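# Working through the structure, step by step
Single-letter residue listing:
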Amino acid sequence: MQIEILGNVKGIKKQNDVLMINTAEAVVRVWVYSPSVIRVNISRNFDESDASFAVIRGPLSKFNEAETEKEIIIKTTELQLHISKSPLRFNFFTADGRALSEDDQRFGVNWQGTRVTSYRKLYPDERFIGLGEKTGNLNRRGSSYVNWNTDAALHGVDADPLYKTFPFFVGLHNGLTYGLFFDNTHKSYFDFGASTDATMSWFGADAGDMNYYFFGAQGIAKIIEEYTWLTGRMEMPPLWSLGYQQCRWSYMSADEVVDIAENFRREKIPADVIYCDIDYMDDYKIFTWNKEPFPEPAAMINKLKSMGFHLVTIVDPGIKVEEGYKEYDEGVAKNYFATYPDGENYTAEVWPGRCHFPDFFRDDVREWWGKAFIALTEPGVDGFWNDMNEPAAWGQNIPWLVKFGEKYMPEVRNAYGMQMARATYEGTKKILGNKRPFILTRAAYSGTQRYSAVWTGDNSASDAHLLLGQRLVNSLGITGMSLIGVDIGGFAGNPTPELMVRWNSLGVYTPMFRNHAMEGTKYREPWCWGKENEAIIKKDIEQRYRLLPYIYSSFYQSCQTGMPVSRTLAIDYTGDENVYDVKYQNQFLFGDSILITPVESTKFTEDVYLPEGEWYRLSSGKKFKGGQAISAEAPLTDLPVFIKAGAIIPMQKVIQSTAEEGDGILEVNIWHGKEANTFVYYEDDGLTYDHQNGAYYKRQITFNPAKKIIGFSTVEGSFTSKYNQIKLVLHGFETIVQGKVRTLSANGKILRISKNPDHVVFANSSEQISIIY
Ligand code: MIG
């Protein structure tokens, strides 16, 4: 096989928004998408059509370039791209000329057969983070990865690839940051200096274009903001999906489902969601109910609803080959399935036996699929769990000649799951009208955040998986996903009670909090672990419900900026070496200001790295100086959770489900700190799209220690908060005693301090409120 390396420039042409460059090997196009986002497409099979599953933005209509004898230079206010002409190489710099990312000048972009690769200069101190659902360390330097969506059943903690493809990473070196998104759905490869004697990093794909978006913003949060500007952000999820979710493969009958739900209420353990895994279906036929164990789905769901539960049901892509089955008959009649090149429907075995697979790449197929959900929505299902969409078939190897639309499997496999999730989202959204659907998918490609939540697939009941799960969540957050779950307790195997308790306590701080277990494993529900453990599990789930106002506002932030809810410390403390230390790399911030350290179930003290600043242990209120590692007590009753000084955390009283009214008191907790802080509080009905028409409630809560003021800005939006009172709880403030040392006043009026001198309750009004202490 020959190697063809991108050679000298033959011609340059500028058409409004695109710079076109020809070489003997390829056609190159360069666009500017924003002052800090530049796209380069290098193609040997130039073709005007320019479709992307991920990207939802277009280029700027104009940009300026300058040409010298050796180079073409594109300058924006934030970036410089120097394109050297002989040979053609691409080198990115900051506006003030510091190198961000450069081609390896020898090899640049090249081809071996259809395989296309970009070889890049590796900087001595360069670190890499990203690629979404990938095992290994936070810092990916020295590792290599493959993107090929796989049903990674019972995977080990080092397995690669897993279920999802996010070909986006962030590079960090010399105090600079850049991002790179390789938008190519073929099987792709990333090597971060794993086997190149520390001279190069490289990425490439089996075929397709060298098509990448370069992000030059300084700061990881900004790069995430731009990546999610380009590929879209999540919608506000239904509030109920942020409550506790109970799943199992499978609850085998309507009676069992209702029984489990009733038990939550009986035990007074808060929960919002229960799932039906594959056994609710008749012979695993999608969009059917197994009538014997589930004789009246609507009656079952009504019962669940009356207890404040939502039901999520699973759907797989495989449509059973069986005449008389509606989806099969329609799909065959309308040619909705993936085919062999001769037009024959492709058949493979999955749960229902022999199956065909919808061609989700086609608009008409997605529409048809979407409409079929009526069989589930009519009885009242409002969450839709998309499984097996890598796509999975027994034996895994879907032949290369299987056709989806105009394309063959190797080109689009990595986007199949995303398109299924899209079909499910668009279809159910239409059916549910103004109600938000909840979609959960296992396979994904960049941009999936627009349609769906994700979970990390079939993990196992071990401490190593608990830690890995957190790294996967933290890494997925860098690639635009925010609503992410892991199977709490571990899908395969049986957790020890200690592991179950520990994992559940981490679940409190996992964006999607779902307990799930494999067929044949022991039951996992909170009451299966003895009274003492049940009490711990219950207390932790209650903590989740107490935090929901904070969590919901954190999701609002994700919707606005792409900032994930679970954040690797690399986002906020990029320049701090310690956060990449394998010892601390699993730590994360949950929202703006809660620092969590995952701890194995067999360890009862843990080294915790506290980044710069000051931190309070949540459970004890004890204050610590940051910039140091401490040894923290970590009994099963008390995961090491620290609050950043200055934190503003709105909470509420425990409720049994998000459907419950509550006591109408928003508990605003503030931890004293030296620096001023602002929290954007957001609320809406949690259920509908009315917030898109102004029915939301948003205000800034500020803490200004220099002026000794706590402020609530005027309320924006037309929604009336469900909290008519605010309880202000001050942590780490000097004791406030009315009439003696200090008083608290709101808008000039003295507030009555309760017996506990650190809190005060006052009426919530939409006007500005200033509390002086
Ligand atoms: O072949 O639906 O990852 O969560 O319980 C296994 C049964 C199919 C795999 C999913 C898992 C689910 C299971 N599914």
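Residues numbered from 1 in each chain as written. Predicted model: local features only at pLDDT ≥ 70, side-chain atom pairs only at ≥ 80, totals over all residues. Heavy atoms only, no water.

Taken as a whole, the largest pocket holds about 1000 Å³ of empty space. Breaking the lining of the largest pocket down by element, the ones donating at least two residues are strand E4 (27-34), strand E5 (37-43), strand E20 (210-215), helix H5 (363-372) and helix H7 (409-432). Its residues assigned to classes, the lining of the largest pocket shows 14 nonpolar, 13 polar and 15 charged. (1 Å grid on protein atoms, 1.4 Å probe; cavity = no way out; pocket = protein on both sides within 12 Å on 5 of 7 lines; lining within 4 Å. Points joined across faces, edges and corners; volume = space filled by probe spheres on them. Helix = DSSP H or I, 4+ residues; strand = E, 2+ residues; numbered from the N terminus. Nonpolar A, V, L, I, M, F, W, Y, C, P; charged D, E, K, R; others polar.)

Let us now look at the packing of aromatic side chains. Considering all chains together, one arrives at 63 aromatic pairs under this definition. On the numbers, 6.0 Å between centres and 20° between planes, the contact of Tyr682 with Tyr696 is stacked. Residue Tyr682 is located in strand E45 (residues 677-684), and its partner Tyr696 is located in strand E46 (residues 696-704); the two are separated by 14 residues in the primary sequence. The exposure class assigned to Tyr682 is buried, which follows from its relative accessible area of 3%. By relative accessible area, which is 18% here, Tyr696 ends up buried. Relative to Phe762, the ring of Phe712 lies with its centre 6.0 Å away and its plane at 75°, an arrangement referred to as edge-to-face. Pair noted here: Phe712 is in strand E47 (residues 709-712) and Phe762 is in strand E51 (residues 759-763), with a separation of 50 residues, a long-range link. Phe712 sits in the buried class, given a relative accessible area of 1%. (Phe/Tyr/Trp six-rings, centres within 6.5 Å; stacked < 30°, edge-to-face > 60°. Buried < 20%, exposed > 50% of the residue type's maximum accessible area, 1.4 Å probe, protein only.)

Now for the site of the ligand. Lining the immediate surroundings of the ligand are 14 residues, of which Asp277, Asp387, Arg442, Asp458 and His516 lie closest. Here Asp277 contributes a side-chain N or O atom positioned 2.5 Å from an oxygen atom of the ligand. Here the ligand has 350 Å² of accessible area as a free molecule, and 95% of this is covered by the chains. Class assignment of the residues belonging to the shell around the ligand gives a composition of nine nonpolar, one polar and four charged. (Near = heavy atom within 4 Å. Polar contact = N/O pair within 3.5 Å; in protein donor to acceptor, adjacent residues only side chain to side chain. Areas by Shrake-Rupley, 256 points an atom, 1.4 Å probe, with all protein chains shown as cover.)

Turning to the side chain of Ser43, a few remarks are in order. For Ser43, the location among the structural elements is in strand E5. What makes Ser43 buried here is its relative accessible area of 1%. Of the polar contacts made by the side chain of Ser43, one reaches the backbone nitrogen of Phe46; its length is 3.4 Å. Apart from the residues within four sequence positions on either side, Ser43 is in contact with Ala26, Val27 and Asp209. (Contact = heavy atoms within 4.5 Å.)

The full count for this structure, using the stated rule, is eight cavities of 30 Å³ or more. Here the largest cavity defines a volume of roughly 180 Å³. Lining the largest cavity are 19 residues, and of these Glu235, Pro237, Tyr451, Ser452 and Ala453 sit closest to its centre. Looking at the lining of the largest cavity residue by residue, the classes come out as 13 nonpolar, three polar and three charged.

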